[in-house]
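Listed here are the chains, written in short residue letters.
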Amino acid sequence: MSKSTESPTFAGARLRQLAGALGVAGAMFAAAPAHALLVNMQNFNSLADFTLNGVTATIDTGGVGVVGPNVGDERVLRLTNNYAQSGSAFLTNAISLASDASFSSYFEFQFTNQGGGGADGIVFTVQTVANTAGGGGGGIGYDGLANSVGVEFDNWDNGPCDGNNGNHAGINLAGSVCSVARADTLPAQLDSGSIFHAWVDYNGVTDSLEVRLALNDTRPAAALMSYTVDLVSVLGTTNAFVGFTSGTGAATADHDIRRWVFNSEFAPVVDPTNPGGGSVPEPGTLALMLSGLGWLGVRRLRG
């Protein structure tokens, strides 16, 4: 059955003009591994720094996402939109995580336009395999991505691996969709059309992976799920591709990522709208405003 998933500010106007050269952002990802890297996507009006795989590449064309489903929406990253699909979007360049593989992420997502009951969901994924997509349907685009950690939001019941629950979240390892930790009670139905806000934080000092979920962007005090794991051992390296996967089978939905923040060190996101904190950047900080289309901040923070 389907599991049908500037210098004071930014070096002045010249740097703002250079920001229009989309290739610059991607080149910054691999530089200065001793410093944390902040990815700040408040919309997906540009996908210049992503590699789109599987069906995602045929949905989000022209280097931009699709216009979101709600009135006033900017562009979103739509991973899947029809039956029997598998797709993913990963940052093209691998990111150097902290030496203990720590990271923090926040993202906003929404499932709409369901067919056949709605399925299969999305997986936030940190993996070292390559830019690719895994199995569709119950695989949610994640299945088979070895050396990985994923957090799934799954809107289809595929039996015991899902706890016989068609509305759950889970922590996945090594490309398996049989979650090592699962939350069977969520703030709302994933197929309700609600906009969800998720936080995923891994503290490599304590080996603690925590997931939070809410219907607004205020970070909950309590974790929805937590799991103790040594991600350095799981990943095999601290250079990782980061992004999202999805899959559908005999049921479908539009699976959208609406905004995304990622920090390559443990620094939980408290203000998703202004994750840099609004302070004057340290030397070496870079933020790019992509041709007035929206922010992709690539910031080097003090190591």
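Residues numbered from 1 in each chain as written. Predicted model: local features only at pLDDT ≥ 70, side-chain atom pairs only at ≥ 80, totals over all residues. Heavy atoms only, no water.

Visitor: Please clarify how the overall build of the protein should be interpreted in this entry.
Guide: A tally of helices and strands in the protein yields 4 helices and 18 strands. By residue count, 54% of the 303 residues in the protein fall in the buried class. If you sum the accessible surface of the protein, you get close to 11,100 Å²; carbon and sulfur atoms cover 53% of it. (Helix = DSSP H or I, 4+ residues; strand = E, 2+ residues; numbered from the N terminus. Buried < 20%, exposed > 50% of the residue type's maximum accessible area, 1.4 Å probe, protein only. Areas by Shrake-Rupley, 256 points an atom, 1.4 Å probe, with all protein chains shown as cover.)

Visitor: I tried to follow the packing of aromatic side chains on my own but got confused; where do I start?
Guide: Centre-to-centre distance and the angle between the planes together describe a pair of aromatic rings. Inspection of every chain in the model, using the stated rule, returns 16 aromatic pairs. With a centroid separation of 6.4 Å and an interplanar angle of 35°, the aromatic rings of Phe-103 and Tyr-202 are classed as tilted. You can see Phe-103 sitting in strand 7 (residues 103-115) and its partner Tyr-202 sitting in strand 12 (residues 195-203), a full 99 residues away along the chain. Residue Phe-103 shares its accessibility class with Tyr-202, and that shared class is buried. (Phe/Tyr/Trp six-rings, centres within 6.5 Å; stacked < 30°, edge-to-face > 60°.)

Visitor: Quick question: what am I supposed to make of unusual backbone geometry here?
Guide: Excluding glycine, most residues fall at negative phi; most peptide bonds, likewise, are trans. A cis amide bond links Ala-119 to the next residue, Asp-120, at an omega of 0°. Position of Asp-120 relative to the elements: it lies in the loop between strand 7 and strand 8 (121-127). For Asn-113, which is not glycine, the phi dihedral falls at a positive 55°. Turning to its location among the elements, Asn-113 is positioned in strand 7. Phi at Asn-164 takes a positive value of approximately 50°, unusual for a residue other than glycine. Position of Asn-164 among the secondary structure elements: in the loop between strand 9 (148-154) and strand 10 (168-173).

Visitor: Sorry, what's going on with the side chain of Asn-45 here?
Guide: In this fold, Asn-45 is placed in the loop between strand 1 (36-41) and strand 2 (50-54). The exposure class assigned to Asn-45 is buried, which follows from its relative accessible area of 11%. Within the structure, the side chain of Asn-45 is placed 3.0 Å from the side chain of Glu-74, a separation counted as a polar contact. (Polar contact = N/O pair within 3.5 Å; in protein donor to acceptor, adjacent residues only side chain to side chain.)

Visitor: How should the nonpolar core be read in this particular structure?
Guide: The nonpolar side chains of soluble globular proteins are, as a tendency, buried together. Counting residues in hydrophobic clusters, the biggest one holds 49 residues, and the most contacted among them are Phe-103, Phe-107, Phe-109, Phe-124, Phe-153 and Trp-260. For Phe-107, the contacting residues outside a window of four places in its chain are Ile-122, Phe-124, Phe-153, Phe-196, His-197, Ala-198, Val-200, Phe-244, Arg-259 and Trp-260. Phe-90, Ile-140, Tyr-142 and Leu-145 belong to the second-largest nonpolar core, a separate cluster that totals 7 residues. (Core = buried A, V, L, I, M, F, W, Y, C linked by side-chain atoms within 4.5 Å. Contact = heavy atoms within 4.5 Å.)

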